[in-house]
Amino acid sequence: MTGLEEKLLQKLEQLLPQCPYELTSIQKEKLVKLIGLLNKWNKAYNLTAIRDPEEMLIKHILDSLAVGPYLKGNRFIDVGTGPGLPGLPLAIMYPEKEFFLLDSLGKRIQFIRNAIRELELKNVTPILSRVEEYIPEEKFDGVLSRAFASLSDMTKWCAHLPNLEGRYYALKGQCHESELQEISEQFLIEEKICLDIPQLLGDRHLILVKNR
């Protein structure tokens, strides 16, 4: 473990008591190793605007894990995943669940493939595609998105992905009532959850949506 990873691990240990989940020592090590990889690749590939690894821990890792306690099912697709967020942290947290990480940019999928190898993840499938063009062999229990699109666009572009009982999990910052009202009548907003993420400034919400 590098010096940076040891420092991040200490920070993670301090913050975890404020989170509604527990992680094993192996999961913690993989999460900080993921930040190390993201920090290293970011210098050449510009995968995220956040440059400080400690900020990545709060704004990328803990932010991604916050959706975990609400997931129902075993098969999920993360659309517009970018450098694998929230999909990679969730795959580390739930090794028994399957995560498909979709993005249309090759350098992001290249990073995800490398992270899968480095972190020895057996439950992640990277997909290089536009979401509208991707036709899955089997539909999903959940469609995840984080800063991907408006709720209206997300549900419209991803309507072919969830199974009959599947849900949309949209991670948002501020979520105005007007955005909720813009979605098509074929979708039902189940719940709007205010997430509490340690040391994260600003609002964070999880919007749960189902097909009617």
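All values reported here derive from a predicted model rather than from experimental measurement.

What counts and how
Residues numbered from 1 in each chain as written. Predicted model: local features only at pLDDT ≥ 70, side-chain atom pairs only at ≥ 80, totals over all residues. Heavy atoms only, no water. Helix = DSSP H or I, 4+ residues; strand = E, 2+ residues; numbered from the N terminus. Rg over C-alpha atoms; globule rule 2.2 N^0.38 Å. Buried < 20%, exposed > 50% of the residue type's maximum accessible area, 1.4 Å probe, protein only. Contact = heavy atoms within 4.5 Å. Lys, Arg positive; Asp, Glu negative; His and termini not counted. Charge placed at Lys NZ, Arg CZ, Asp CG, Glu CD. Salt bridge = Lys/Arg side-chain N within 4 Å of Asp/Glu carboxyl O. Axes fitted to C-alpha atoms, helices over the stretch in contact; angles between N-to-C directions. Left-handed = near helix turned anticlockwise from the far one by under 90°. Nonpolar A, V, L, I, M, F, W, Y, C, P; charged D, E, K, R; others polar.

Caption draft 1: Structural view of the overall build of the protein chain. Secondary structure assignment for the protein chain yields 7 helices and 7 strands. Listed by position from the N terminus, the elements making up the protein chain come as α-α-α-β-α-β-α-β-β-α-β-α-β-β. Compactness check: the protein chain gives a C-alpha radius of gyration of 16 Å against a globular reference of 17 Å for 212 residues, within 12% of the reference. Summarising its shape, the C-alpha atoms of the protein chain cover approximately 50 × 35 × 30 Å along the three principal directions. Within the protein chain, the proportion of its 212 residues that are buried is 55%. The long-range share in the protein chain, meaning contacts at least 24 apart out of those at least 6 apart in sequence, stands at 66%. Separation between the mean location of the 27 positive side-chain charges and that of the 30 negative ones in the protein chain comes to 4 Å.

Caption draft 2: Up close: the pattern of salt bridges. Throughout the structure, instances matching the rule amount to 16 salt bridges. With a closest N to O distance of 3.7 Å, Lys 156 and Asp 153 form a salt bridge. With Lys 156 and Asp 153 both in helix α6 (residues 151-157) and 3 residues apart, this pair spans about one turn of that helix. Asp 153 gets classed as partly exposed once you look at its relative accessible area, which sits at 24%. One salt bridge in this structure joins Glu 190 and Arg 167, with 2.8 Å as the shortest N-O distance. With Glu 190 in strand β6 (residues 187-194) and Arg 167 in strand β5 (residues 162-172), the pair connects residues that are 23 residues apart, well separated along the chain. Taken together, the shared-partner salt bridges in this structure form one network comprising Lys 7, Lys 11 and Glu 54.

Caption draft 3: Region of the structure containing the packing of helix α2 (residues 25-45) against helix α5 (residues 106-119). Following both chains from N to C, one finds α2 and α5 inclined at 145°, their axes separated by 11 Å at the closest point. The crossing of α2 and α5 is right-handed. The segment α2 lies against α5, with Lys 30, Lys 33, Leu 34, Leu 37, Leu 38, Trp 41 and Tyr 45 engaging Lys 107, Gln 110, Phe 111, Asn 114, Ala 115, Glu 118 and Leu 119. Of the residues that constitute the contact of α2 with α5, the class distribution is 8 nonpolar, 2 polar and 4 charged.

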